[in-house]
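If you want the building blocks of each chain, they are given just below.
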Amino acid sequence: MDQSNKTTWRPPRVCDNYWSEFKHCKSLSNRFHHYYTYGTTPSCQQWKEDYYNCREWEKHKGTEAKEELQKSERNRVAEQSKFTPVWKLRQDPPRDWHLPLNQDKPQDS
Amino acid sequence: MDQTKEEDFGYDLFPERRKGKYKKGSIAESLFTFNHKCQVMLQFAMETSPYAKLLLSAMKSSGCKVWKDRHFSCEDCDGTVSGGFDAASSQIVLCQNNIHQQSHMNRVVTHELIHAFDHCRADVDWFNNFRHLACSEIRAANLSGDCSFSNEVSRFNFGLKQHHQECVRSRAIRSILAVRKINREEAEKIVDEVFEPCFNDHTPFGRIPHSKKDAKFAYRDYENRDRYYANL
């Protein structure tokens, strides 16, 4: 990646969002929902580390904090894309989405 | 398997669609009937449900902006069905005679918008590919709140550990059986084949929204997605 715009990088999320995700993750209701879905308890520690790295970067602009944060977020994205989709994604939306309704639509499917 | 009955793709559940006309009612009808109540609840859902707002925003970004009057239709339906997505006309059908509470409307709107979203962003062959149909039904049951603990309890389906997944599986099978003439074994087999990739596809939420708070966080993430991807 081109590093010439070092000064324009900022954390992917606002630091407070990491903290609110952490608190939400640890809440009783979220732990219940996680068990109800996956049969395990959620691990929330990463949100807390991300919050500290975020604050650390805000204070000192260090590369270590930045890289830790990026690594963590890239992991999250990878987790969300671990599956092979069943269908092909479109390049353009369906052509008839915006067409007006036919008043006398023929009865076929 | 032999299909002795002609496939009608579930259109028999939505008799007003069969007539092939999209009729407009009288003013009295629009003010004092289930139709009016349906329209009001739909408007409220679109404006206040974080699930619906996120999906509407995602659809707009995908080039399928949703117009309430064009893409939603409040109609009377058969049986206990609550709604449907008609890919042929690009419309979401809401069953005005079966939806009587706002929370139910919110859930049905979310469920059908997930189908519409899949229709918009992917090449979904609704009528001929059962795997595609199953995948969208799994996603809709998973992400709309259909299978929340409280909804399941209200159906007298008591389960805790991983029950969410069982619910998603059985509701997807049920939805397929309602609109296609195949037998239960076939439906189960197809759902099992596509369960893993489809259960784990949380687009556009980025998570399974179990509560309004989850949905609000998901909506927040969605609004900030440009900043997020630019700084990965």
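Residues numbered from 1 in each chain as written. Chains lettered and ligands numbered in written order. Predicted model: local features only at pLDDT ≥ 70, side-chain atom pairs only at ≥ 80, totals over all residues. Heavy atoms only, no water.

A. Region of interest: unusual backbone geometry. All names here are of chain B. Cis geometry is found at the peptide bond from Thr203 to Pro204, where omega equals -5 degrees. Relative to the helices and strands, Pro204 resides in the loop between α10 (184–199) and α11 (212–223). A positive phi is found at Gln162, a non-glycine position, where the angle reads about 60 degrees. Here Gln162 lies in the loop between α8 (149–154) and α9 (163–179). What makes Gln162 partly exposed here is its relative accessible area of 32%. (Helix = DSSP H or I, 4+ residues; strand = E, 2+ residues; numbered from the N terminus. Buried < 20%, exposed > 50% of the residue type's maximum accessible area, 1.4 Å probe, protein only.)

B. Spotlight on the packing of aromatic side chains. Per the stated rule, a full pass over the model turns up 14 aromatic pairs over all chains. Aromatic rings pair up to connect Trp19, Phe22, Tyr51 and Tyr52 of chain A into one cluster. The ring of Trp57 of chain A has Lys61 of chain A sitting right over it, with the charged end atom 4.7 Å from the ring centre. Note that Arg225 of chain B overlies the ring of Tyr222 of chain B, its terminal NZ or CZ placed 3.9 Å from the centroid. (Phe/Tyr/Trp six-rings, centres within 6.5 Å; stacked < 30°, edge-to-face > 60°. Lys NZ or Arg CZ within 6 Å of the ring centre and 35° of its normal.)

C. Representation of the state of the cysteines. Going through the model one piece at a time under the given rule, you end up with 7 disulfides over all chains. Paired through a disulfide, Cys15 of chain A and Cys54 of chain A show a sulfur-sulfur distance of 1.9 Å. Between Cys15 of chain A and Cys54 of chain A the sulfur-sulfur dihedral comes to about -85 degrees; the bridge is accordingly left-handed. Taken as a pair, Cys15 of chain A in helix α1 (residues 15–26) and Cys54 of chain A in helix α3 (residues 45–60) lie far apart in primary sequence, 39 residues in all. Exposure remark for Cys15 of chain A: the relative accessible area of 3% places this residue in the buried category. Two residues share a disulfide in this structure: Cys147 of chain B and Cys167 of chain B, whose sulfurs sit 2.0 Å from each other. Between Cys147 of chain B and Cys167 of chain B, the S-S dihedral sits near -80 degrees, and the bridge is therefore left-handed. Taken together, the residues Cys147 of chain B in the loop between α7 (130–143) and α8 and Cys167 of chain B in helix α9 connect sequence positions 20 residues apart. (Disulfide = S-S within 2.5 Å.)

D. Examining the domain arrangement of chain B more closely. Residue and element names in this part refer to chain B. Split into domains, chain B comes out as domain 1 (11–16 + 32–123) and domain 2 (124–210). The distance between the C-alpha centroids of domain 1 and domain 2 comes to 18 Å. Listed as interface residues are 20 residues of domain 1 and, on the opposing side, 24 residues of domain 2. Regarding the contact of domain 1 and domain 2, the summed buried area is about 1,800 Å², with carbon and sulfur atoms giving 61% of it. Applying the counting rule to domain 1 against domain 2 returns 3 salt bridges. Residue Arg139 pairs with Asp118 through a salt bridge whose shortest N-O separation is 2.9 Å. The tally of links from domain 1 across to domain 2 stands at 11 residue pairs in polar contact (both at pLDDT 80 or more). Sorting the residues of the side of domain 1 that touches domain 2 by element identifies α4 (50–61) and α6 (102–121) as the ones contributing at least two each. The residue makeup of the side of domain 1 that touches domain 2, split by class, is 12 nonpolar, 4 polar and 4 charged. (Domains from an automatic or database assignment. Contact = heavy atoms within 4.5 Å. Buried area = accessible area lost by both parts, 1.4 Å probe. Salt bridge = Lys/Arg side-chain N within 4 Å of Asp/Glu carboxyl O. Polar contact = N/O pair within 3.5 Å; in protein donor to acceptor, adjacent residues only side chain to side chain. Nonpolar A, V, L, I, M, F, W, Y, C, P; charged D, E, K, R; others polar.)

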